[in-house]
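Residue-level structure breakdown
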Amino acid sequence: MHKLSISDLHILLVEPSDTQSKIIKTLLLAENVQTVDVVQNVEQAKASIRAHGADMVVSTMYLADGNGLDILRFIKDDDANASIPFMLVSSENSISKLDEFKQAGVAAILPKPFEPIHLSRGLNASLQLINTDEIDLNYFDAQDVRVLLVDDSRLARNHIRRVLEGMGLSKVMEAENGAHALTLLKDNEFDLVITDYNMPEMDGRELSEFIRFNPATTHIPIIMVTSESSSSPHMANIQQTGVNALCDKPFESDEVKAMLVRLLDSDL
């Protein structure tokens, strides 16, 4: 299968400001992107994706007829386009507003204005999602790894599942919170648990403590996926619950792959 390079990317840029769109397009061209289509609002973006698709969407947050989240959700809710990486470019610094994008499966978030290094990292993170390879494990066949994926956001679960499936991990069961996960743990065997931190009923910390201190599940590696800063008070103590690895939202495919190799190919 041919792998895309940056020069192969067909990017849809959603930006209402002519000045800003020219600046961003110039920076994309400087990164060797060859094809950039520009639209100005949500409806134009949806129409363009329906008509022509895209390898990647780059969008500002605020638009005349909605916001970037409307476009991201449109992409993720459409099976035909759900794998299109979405990059947000925004000066927004509200944690709650940015968290909505992280939960929905954004590939990268760039500040506005951004430096070329920010754009380069975002493009490479998106390429990692597009150009996935089956993970090579010594002790497992990737297709036999049984994963329990726990997240209260359906869009986030869909995004993580697609990343895992791109690596060859196809045996994935989903739970919408820790309480639901417990019922699945009682009736099924798993080789790996990937869980969100913030969830209703039972959060990721409580679920991790149960897994680690239950003799039947104590051996299962746990990856905690969170949109919180690793320096936050919650995260500072989370590894004391027995979590094996912390992974940020949005996460890079190569980072997740390295974690899986370390956790599944080592004696925990």
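Residues numbered from 1 in each chain as written. Predicted model: local features only at pLDDT ≥ 70, side-chain atom pairs only at ≥ 80, totals over all residues. Heavy atoms only, no water.

In the nomenclature of an unreviewed UniProt entry, the protein chain corresponds to Two-component system, chemotaxis family, response regulator CheY from the organism Brumicola pallidula DSM 14239 = ACAM 615.

Things to note about the UniProt feature "modified residue: 4-aspartylphosphate" (unreviewed entry) in the protein chain
Within this numbering scheme, the UniProt entry marks Asp 196 as carrying the feature "modified residue: 4-aspartylphosphate" (unreviewed entry). By the element assignment, Asp 196 lies in strand S10 (residues 192-196). Residue class for Asp 196 comes out buried when judged on its relative accessible area of 1%. (UniProt positions renumbered as here; feature names shortened; annotations may be inferred. Helix = DSSP H or I, 4+ residues; strand = E, 2+ residues; numbered from the N terminus. Buried < 20%, exposed > 50% of the residue type's maximum accessible area, 1.4 Å probe, protein only.)

Notes on the sheet that holds strand S8 (residues 146-150)
With respect to topology, five strands assemble into an open sheet ordered S9-S8-S10-S11-S12, the strand pairing being parallel. At either margin of the open sheet sits one strand with a lone partner, and together these are strand S9 (171-175) and strand S12 (245-248). Adjacent strand axes in the sheet meet at a mean angle of 20° when their direction is disregarded. Pairing analysis gives four bridges linking S10 to strand S11 (residues 222-226), with the strands arranged parallel. Its bridge partner being in S11, Val 193 is matched across the sheet by Ile 222. (Pairing = 2+ DSSP bridges. Axes fitted to C-alpha atoms, helices over the stretch in contact; angles between N-to-C directions.)

Examining the packing of aromatic side chains
Here the structure, examined in full by the defined rule, presents one aromatic pair. Summarising the aromatic geometry, the rings of Phe 86 and Phe 101 are spaced 6.3 Å apart at their centres and angled 25° between planes, so their arrangement reads as stacked. Note that Phe 86 is positioned in strand S6 (residues 86-90) and Phe 101 in helix H4 (residues 95-104), a separation of 15 residues in sequence. Per residue, the accessibility class of Phe 86 equals that of Phe 101, and both read buried. (Phe/Tyr/Trp six-rings, centres within 6.5 Å; stacked < 30°, edge-to-face > 60°.)

Observations concerning the domain arrangement of the protein chain
Taken domain by domain, the protein chain comprises domain 1 (6-134) and domain 2 (147-265). Each partner contributes to the interface: domain 1 provides 19 residues, whereas domain 2 provides 19 residues. Where domain 1 abuts domain 2, roughly 1700 Å² becomes buried across the two surfaces, and 50% of that area is made up of carbon and sulfur atoms. Across the contact surface, domain 1 and domain 2 share one salt bridge. (Domains from an automatic or database assignment. Contact = heavy atoms within 4.5 Å. Buried area = accessible area lost by both parts, 1.4 Å probe. Salt bridge = Lys/Arg side-chain N within 4 Å of Asp/Glu carboxyl O.)

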